[in-house]
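# Notes for the structure review
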Amino acid sequence: MGKILVTGGAGYIGAHTVKRLVQSGHEVVVLDNLSTGHRDFARFADFVLGDVRDPVILDSLFASRAIDAVIHFAAASQVGESVRDPLFYYQNNVSGALALLGAMRKHMVNTLVFSSSCAVYGPPFDGLLTEDHPIAPLSPYAATKNMIERILEDMARASGLKYVALRYFNAAGADTDAEVGERHLPETHLIPLVLQTALGQRERLEIFGDDYPTPDGTAIRDYVHVLDLADAHISALNYLQKGGAPRAFNLGNGQGLSVLQIINAAREVTGQPIPVHMAPRRAGDSTRLVGDATLARQTLGWAPNHADIHDILATAWAWHQKEAACLPQSPRPAAL
Ligand code: UDP
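Residues numbered from 1 in each chain as written. Predicted model: local features only at pLDDT ≥ 70, side-chain atom pairs only at ≥ 80, totals over all residues. Heavy atoms only, no water.

## Some thoughts on the site of the ligand
Contacts to the ligand come from 15 residues, most closely from L190, E206, R221, R282 and D285. A distance of 2.8 Å is found between an oxygen atom of the ligand and a backbone nitrogen or oxygen belonging to L190. Take F208: an N or O atom from its main chain is 2.9 Å from an oxygen atom of the ligand. Those elements that provide at least two residues to the shell around the ligand are α6 (190-198) and β8 (205-208). Of all the elements, β8 adds the most residues to the shell around the ligand, at four residues. Counted by class, the shell around the ligand contains eight nonpolar, three polar and four charged residues. (Near = heavy atom within 4 Å. Polar contact = N/O pair within 3.5 Å; in protein donor to acceptor, adjacent residues only side chain to side chain. Helix = DSSP H or I, 4+ residues; strand = E, 2+ residues; numbered from the N terminus. Nonpolar A, V, L, I, M, F, W, Y, C, P; charged D, E, K, R; others polar.)

Pasting the structure below:
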């Protein structure tokens, strides 16, 4: 396969995927507006600063580089923010995908891997969620992912677009070389917040709800290593290249872990006490989201290499320690 355009390649999952693609011999060009991504995360490939909604940039990008396939990550991805500002989410995510698809059609690029989410599923949330679980997005963020999947389905039917939508469960962990990792500003995700607490950067971790109908009362998620997610994109490209049918795949480990289980595992990995404080439930959170990725395993040949939560946490811990070492130190008091 020739050159691959990765939109949002300076973000968390995008950067890990770009690094993996380059390591496996692909030529990559990253398009990112750096609104939430980081320039240092995009150092593995050719980098173009720009917005995926900008048709002029897209046109010149496709015209100047022989792009064979696209992986589309560029999107806003915070559920809470999407509830507060739905218009921004629909404009940014849906218009971005439409502009990209328009440019792909104009330049006859027909292969796309799309970054989707398990957030597209609706209740009931008990058991393992398969791809045919009812779709009922609970937030504007989730609705944008579902709308884009729907657009892809229609385009596949109408014009033969070859696409795979990857529905991630909870991405976690970091590159084993700690060259890239999770850096959100502001940080809202559980594992980075737990590890920042272990580092003493936060006084305590707030547990959002201990009254869920789960064994320990805290919410359950399926944490999947970001490198395993990255590998799935390469498997998806190979699948499409071999003529695989367009469709969506879940990416999860099928193992549900509660907030308390994550904190206890992080205490073991870091050796730090990690103080916690019980807080009310966070608006929009589900009790349980655990995925069945049998289809991805069987059809894409996807085999996660880092399913153990201690492994996930250890890579994240190495990354966060490295990030902390790079932070400007507060000046020491002058000696008397
Ligand atoms: N969570 C928590 N405290 C935090 C951040 C998250 O208790 O400071 C919980 C959150 O309510 C959810 C789980 O941890 O049940 C995972 O949250 P995260 O934001 O990492 O991912 P989400 O599942 O919301 O995409």
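## Structural notes on the sheet that holds strand β9 (residues 220-221)
In space, the three strands of this open sheet follow the order β12-β9-β14, with mixed pairing throughout. Each having just a single partner strand, β12 (257-258) and β14 (288-289) make up the two edges of the open sheet. Here β9 pairs with β14 via two bridges, running parallel. Along β14, the bridge assignment pairs I220 with R288. (Pairing = 2+ DSSP bridges.)

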